[in-house]
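Chains, contacts and geometry: an overview
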Amino acid sequence: MRNQSLFYRTLLILGLTASAIVYLVPTFVTDLPQFWKDYLPSHRIHLGLDLQGGTHLVMTVDVQKALENSLDHNVEELKRELKEAKIGITAAERKDTSIQVRVNNSERNQFTDLVKERFPNLTIENSSTEDDTANIQLVFSKREEQHLRESALDQSLETIRNRIDQFGVSEPIIQREGSQDILIQLPGIQDPQRAKDLIGRTAVLEFKVLSEVPDPEEYLSGKKPLPPGTEILSGAEADRTGGRSQTPKYLAEAKTLMTGDVISDALVRPATQLEGPYVALELNARGGKQFEDLTGANVGRRLAIILDNKVYSAPVIRERISGGRASITGNFDIKEARDLAIVLRAGALPAPVRVAEERTVGPSLGKDSIRQGITSFVVGGSLVIIFMLVYYKFAGVLADMALIFNILFLMAVLTAMQATLTLPGIAGIVLTIGMAVDANVLINERIREELRLGKTARAAIDAGYKRALPAILDTNTNSFLAGLILFQFGTGAVRGFAITLCIGLVSSVFTAVVCTRVVYDYLLTYRRLQNVSV
């Protein structure tokens, strides 16, 4: 029975060692053969920004704006439904986070029934009657509001991930933090401003026609009030003709004829002799039909192409345009045109985002961190190994062997989990080294005590492991629970430290209790061990 147990434990250790080596090979061998890439793990250990340099951003999503946008959409839908149901209203508009509706009091019940049937996401928050008119306040239900907040954050996360993927960043970290923040780490990016411009652009694309009222300059200058259904938009770039720099203004119809959600692709076209680089848009089937209809209905008028409320171009429509193609021109350089194409392909953000936290780590600082981390690891590990060899002799050799296996398993698990190794993570590894030999110290001291009582080698080893095990489990369980709490409530680097610590604790208990015991059992069974050098 003892031999069978020894065989299975040896088999387990050999299997884990082989698996660990397989997972770690890609980290140290850059040119892997094709069969390895096809059938075996090929992930490398990820280095955090503090080790390789890059940009760290925390973006806050304005979920409140997403709620307001959704309310605006519901206002338009409500007006359309009320018109079809022939229910008379005198006003319907959004005010902050509610919809204010004024409806004839005689049709109040019909209005309430329609809202309950067609708009289950809205609830009546307040109502009053004044001069035979009912003033009704509608708000989102709590469940709908929570759903919209979660959707806004999830959609923003996905849109930002798409933009960064197309930006070409290797191994970025993009994840939610809290109820409205998104953590973004971009290794190797040393131009945070460009990254922020790319990530933070809302990228709402709209097509509107310019108004054809007489003397539009009178309205643009504010001398006359704006005609109903119109708005003033600014140009994206300043007009520098005549030696003066002035941002052009446009009087446009407020109605949006088409939005960017019909774009199937956006490509950068190179500069020509007449104009600089521009972005060519390909529309899907629905967008192609929409674009053909709107150009056919507005021949001779100027069509404003608007991105984030800025007019990029406003060409005259010469004829009906079919084929589902459009273009955005402007005074772009090739980098700006490329970034614009990326955000259009990735889609619009559901709500604005702003930078809440920003850090940039240079690559030289990262190399210094790696060098200092390796130095601390080598110095700390060497001192521990030498001490164990000198103080515990052969038992110290086993403890050092367990230490090496512990580091091997720890690094392999980090690689398998695709965890990111940071500077605090290296600190966690160094700490784990000290805690790993602590278990061996307990075992060796117990064996010493048993040998002083005159017991045989087998009896002393059995009793030493048995008496040391409760203390080892108690100590490591408490530290493991502390690591879990750090991981649950910590952020960023603290989490990296907690992950390394927890994995290292499990690995150290296994190597100290199982691996070293297998060696002792082998020597006792097959080599007739009589004396323990400890």
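Residues numbered from 1 in each chain as written. Predicted model: local features only at pLDDT ≥ 70, side-chain atom pairs only at ≥ 80, totals over all residues. Heavy atoms only, no water.

Glancing now at the sheet that holds strand S9 (residues 205–209). Two pairing modes exist for strands in a sheet, parallel and antiparallel, and in both the strands are linked by backbone hydrogen bonds. Ordered by their spatial adjacency, six strands build an open sheet running S11-S10-S16-S15-S9-S12, and the pairing between neighbours is mixed. If you trace the sheet from one side to the other, it starts and ends with strand S11 (249–253) and strand S12 (258–259), each paired once. Pairing analysis gives five bridges linking S9 to strand S15 (residues 303–307), with the strands arranged antiparallel. Directly across from Leu-205, in S15, lies its bridge partner Leu-307. (Pairing = 2+ DSSP bridges. Helix = DSSP H or I, 4+ residues; strand = E, 2+ residues; numbered from the N terminus.)

Here we take up helix H4 (residues 63–84). For H4, which comprises 22 residues, the first-to-last C-alpha distance of 32 Å matches the rise-based estimate of 32 Å (1.5 Å per residue) to within 8%. Three or more residues of H4 are buried, namely Val-63, Ala-66, Leu-67, Glu-68, Ser-70, Leu-71, Asn-74, Val-75, Leu-78, Glu-81 and Leu-82. In the segment just after H4, Lys-86 is the residue with positive phi, at about 60°. (Expected span 1.5 Å × (residues − 1). Buried < 20%, exposed > 50% of the residue type's maximum accessible area, 1.4 Å probe, protein only.)

Our focus in this paragraph is helix H6 (residues 142–167). An α-helical turn contains 3.6 residues, so a residue and the one three or four places further along point in the same direction. Here H6 spans 37 Å end to end across 26 residues, near enough to the 38 Å set by a 1.5 Å rise per residue. Within the span of H6, buried status applies to Glu-144, Leu-148, Ala-152, Leu-153, Ser-156, Leu-157, Thr-159, Ile-160, Arg-163, Ile-164 and Phe-167. Among the residues trailing H6, Gly-168 stands out with phi positive, at a value near 90°.

Let us look at the environment of Val-494. When you line up the elements, Val-494 lands in helix H15 (residues 493–526). With 307 residues separating them along the chain, Val-494 and Pro-187 place their C-alpha atoms 19 Å apart.

Moving on, we come to the side chain of His-56. Within the secondary structure layout, His-56 lies in strand S2 (residues 54–61). Polar contacts involving the side chain of His-56 include one to the side chain of Gln-185, which spans 3.1 Å. Not counting chain neighbours up to four residues away, the residues in contact with His-56 comprise Leu-49, Leu-183, Ile-184, Gln-185, Glu-357, Glu-358 and Arg-359. (Polar contact = N/O pair within 3.5 Å; in protein donor to acceptor, adjacent residues only side chain to side chain. Contact = heavy atoms within 4.5 Å.)

A separate point is the packing of helix H13 (residues 423–452) against helix H14 (residues 457–489). Axis separation between H13 and H14 bottoms out at 8 Å; the angle between their running directions is 150°. If you check the angle between H13 and H14, you find them roughly antiparallel. H14 is crossed by H13, and the crossing has right-handed handedness. Between H13 and H14, the contacting residues are Met-435, Ala-439, Leu-442, Ile-443, Arg-446, Ile-447, Glu-449, Glu-450 and Leu-451 on the first element and Ala-460, Ile-461, Ala-463, Gly-464, Tyr-465, Arg-467, Ala-468, Ala-471, Ile-472 and Ser-479 on the second. Its residues assigned to classes, the contact of H13 with H14 shows 13 nonpolar, two polar and four charged. (Axes fitted to C-alpha atoms, helices over the stretch in contact; angles between N-to-C directions. Parallel < 35°, antiparallel > 145°, perpendicular 65-115°, else oblique. Left-handed = near helix turned anticlockwise from the far one by under 90°. Nonpolar A, V, L, I, M, F, W, Y, C, P; charged D, E, K, R; others polar.)

Turning to the pairing of S2, a few remarks are in order. Two faces belong to every sheet, and in a regular strand the side chains alternate between them. For S2, a buried count of eight out of eight residues is recorded, marking the element as mostly surrounded by other parts of the structure. With seven bridges connecting them, S2 and strand S8 (residues 181–187) associate as antiparallel partners. Its bridge partner being in S8, Thr-60 is matched across the sheet by Asp-181. Summarising the sheet, S2 and strand S18 (residues 353–361) pair through eight bridges and their orientation is antiparallel. The residue of S18 that forms the bridge with Val-58 is Glu-357.

Time to look at the pattern of salt bridges. Evaluated as defined, the whole model comprises 27 salt bridges. One salt bridge connects Glu-81 with Arg-118, and the closest N-O pair in it is separated by 2.4 Å. Of this pair, Glu-81 sits in helix H4 while Arg-118 sits in helix H5 (residues 108–118); the two residues are 37 residues apart in sequence, bridging distant segments of the chain. For Glu-81, a relative accessible area of 12% puts it in the buried group. If you follow the salt bridges from partner to partner, you end up with Glu-77, Arg-80, Glu-81, Glu-84, Glu-117 and Arg-118 in one network. (Salt bridge = Lys/Arg side-chain N within 4 Å of Asp/Glu carboxyl O.)

Time to look at unusual backbone geometry. Although it is not a glycine, Asn-309 sits at a positive phi angle of roughly 65°. Positionally, Asn-309 belongs in the loop between S15 and strand S16 (310–313). Residue Lys-393 is not a glycine yet carries a positive backbone phi of 55°. Summarising the element assignment, Lys-393 is placed in the loop between helix H11 (363–392) and helix H12 (394–416). Residue Lys-393 is classed as partly exposed on the basis of its relative accessible area of 47%.

Here we come to the nonpolar core. The biggest cluster of nonpolar side chains holds 49 residues, and the ones touching the most others in it are Ile-184, Leu-205, Leu-281 and Leu-344. Excluding residues that lie within four positions of it along the chain, Leu-205 makes contacts with Met-258, Thr-259, Gly-260, Ile-263, Leu-281, Ile-305, Ile-306, Leu-307, Ile-328 and Leu-344. One finds Tyr-392, Leu-403, Ala-439 and Ile-443 within the second-largest nonpolar core, a separate group that totals 26 residues. (Core = buried A, V, L, I, M, F, W, Y, C linked by side-chain atoms within 4.5 Å.)

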